Amino acid sequence: MQTRDIGSWPKNIALARSTGRGWRDIHAQHVAVEPWTGTLDPVGNPCLGYCVARPAQIRRRIGRGGATEASTLRPRQFHLIPAHDKSEWQRRGRSEMLAMHLRQGLIDETARQMWSATAPRVELDIPLGTSDPLLEQLALAILEILREEPDASSALYVDELVHAMVVRLVRAYTANGRSSRTALENDALDRGEMRRIRDLIEERLAEDLSLEALAAEIGVSPRTLSRVCLKQWGTTVHQYVLSRRVERAKTMLLSTNLAITAIAFDTGFSSQSHLAMAFRRLTGLTPKHYRLIGRS
């Protein structure tokens, strides 16, 4: 299987490799990745990247004339190096990545079995900074085996993990998979999925809570999640997240002695002024005034 030896790039350090382990459908490397700028030619097999530790700022453009994406890739998030398109990259920051080249033939065959696809190849589309709990658990299981001493008996287990990973990718990150899911949604998500979105927002107020990141968590399109939240909550996802961040800030202002700047960062605002603007719009008070009144 043709891959890129990311661990051998200048200044990168390969912490573990799957080479010589008898893994058939995946080539995996745990790599300490340094800042890098360059262009990658296609190798015919996609590389799914999972951020293990420390964030990095990524700019990516896929294909000639493609749009430039920019995002902070945080721990527990994914990105993709495409199989068939040239891509341009700029990385700032040092991070640990699990790089997983997946055999394109397995992806194509899985798609044909699932969707009766007639296309000769299947394209995966994973936005920068995608969060996906199911993919994450599969990636962590592969990483755990990769860190162990080579064991021939583990190859069968890895095969099963990779097959499950490919099924998830085909279902959630291909055009046919998204179309099928959208057709089943009918503008509604079940209560468990909506409760999970609320829980995720509460648990990760200080993290990336973009519409795209939340939609990826439950495997729906951002447009669908936006429509459903507006219908069920009576507000946009952005406004709901903003209101929850302000509520958390209100609690912290009265129950802690933390500086307002620290509270701003702990509740997902980019700065103290960002918090103050949102806080005043929703409460009519500045954070400082709210704290003074609440403690008087």
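Worth saying up front: this structure is predicted, and the values here are computed from it rather than measured. (Residues numbered from 1 in each chain as written. Predicted model: local features only at pLDDT ≥ 70, side-chain atom pairs only at ≥ 80, totals over all residues. Heavy atoms only, no water.)

### Examining helix H2 (residues 133-147)
An ideal rise of 1.5 Å per residue puts 21 Å on 15 residues; H2 measures up with 21 Å between its terminal C-alpha atoms. When H2 is considered as a whole, its buried residues turn out to be Leu-135, Glu-136, Leu-138, Ala-139, Ala-141, Ile-142, Leu-143, Ile-145 and Leu-146. Where H2 begins, the side chain of Asp-132 points an oxygen toward the backbone nitrogen of Leu-134, at a separation of 3.1 Å. (Helix = DSSP H or I, 4+ residues; strand = E, 2+ residues; numbered from the N terminus. Expected span 1.5 Å × (residues − 1). Buried < 20%, exposed > 50% of the residue type's maximum accessible area, 1.4 Å probe, protein only. Polar contact = N/O pair within 3.5 Å; in protein donor to acceptor, adjacent residues only side chain to side chain.)

### Regarding the UniProt feature "domain: HTH cro/C1-type" (unreviewed entry) in the protein
On the UniProt side, "domain: HTH cro/C1-type" (unreviewed entry) is annotated at positions that read residues 200-227 here. Regarding residues 200-227, the helix share stands at 64% and the strand share at 0%, and the terminal C-alpha atoms are separated by 18 Å. (UniProt positions renumbered as here; feature names shortened; annotations may be inferred.)

### Considerations on unusual backbone geometry
With a phi close to 75°, Lys-11 is a non-glycine residue in the positive phi region. As for its position among the elements, Lys-11 is in the segment before strand E1 (13-17). The class of Lys-11 is exposed, set by a relative accessible area of 69%. The backbone of Arg-54 shows a phi angle near 65°, a positive value even though the residue is not glycine. Structurally, Arg-54 is set in the loop between strand E4 (47-53) and strand E5 (56-62).

### Some words on the sheet that holds E5
Strand order in this open sheet of four strands is E3-E8-E5-E6, and the pairing throughout is antiparallel. Bordering the open sheet on either side are strand E3 (36-40) and strand E6 (68-73), each of which pairs with just one other strand. Averaged over all pairs of adjacent strands, the angle between their axes in this sheet comes to 15°, without regard to strand direction. As judged from the six bridges shared by E5 and E6, these two strands associate in the antiparallel manner. Within E6, the position partnered with Arg-61 by the bridge is Thr-68. (Pairing = 2+ DSSP bridges. Axes fitted to C-alpha atoms, helices over the stretch in contact; angles between N-to-C directions.)

### Some points on the UniProt feature "domain: HTH araC/xylS-type" (unreviewed entry) in the protein
Per the UniProt record, the feature "domain: HTH araC/xylS-type" (unreviewed entry) sits at residues 195-293. Its end C-alpha atoms 34 Å apart, residues 195-293 is made of 75% helix and 0% strand.

### Details of the sheet that holds E4
Strand order across the open sheet formed by five strands is E1-E2-E9-E4-E7, with antiparallel pairing between neighbours. The open sheet has two edge strands, E1 and strand E7 (78-81), and neither has a second partner. The average angle at which neighbouring strand axes cross in this sheet is 25°, direction not considered. Of the strand pairs in this sheet, E1 and strand E2 (residues 26-33) are connected by four bridges, and their pairing is antiparallel. Each bridged residue has a counterpart across the sheet, and for Ala-14 the counterpart in E2 is Val-31. Along the sheet, helix H3 (residues 154-172) makes contact with E2, E4 and strand E9 (95-102), crossing E9 at roughly 90°. (Contact = heavy atoms within 4.5 Å.)

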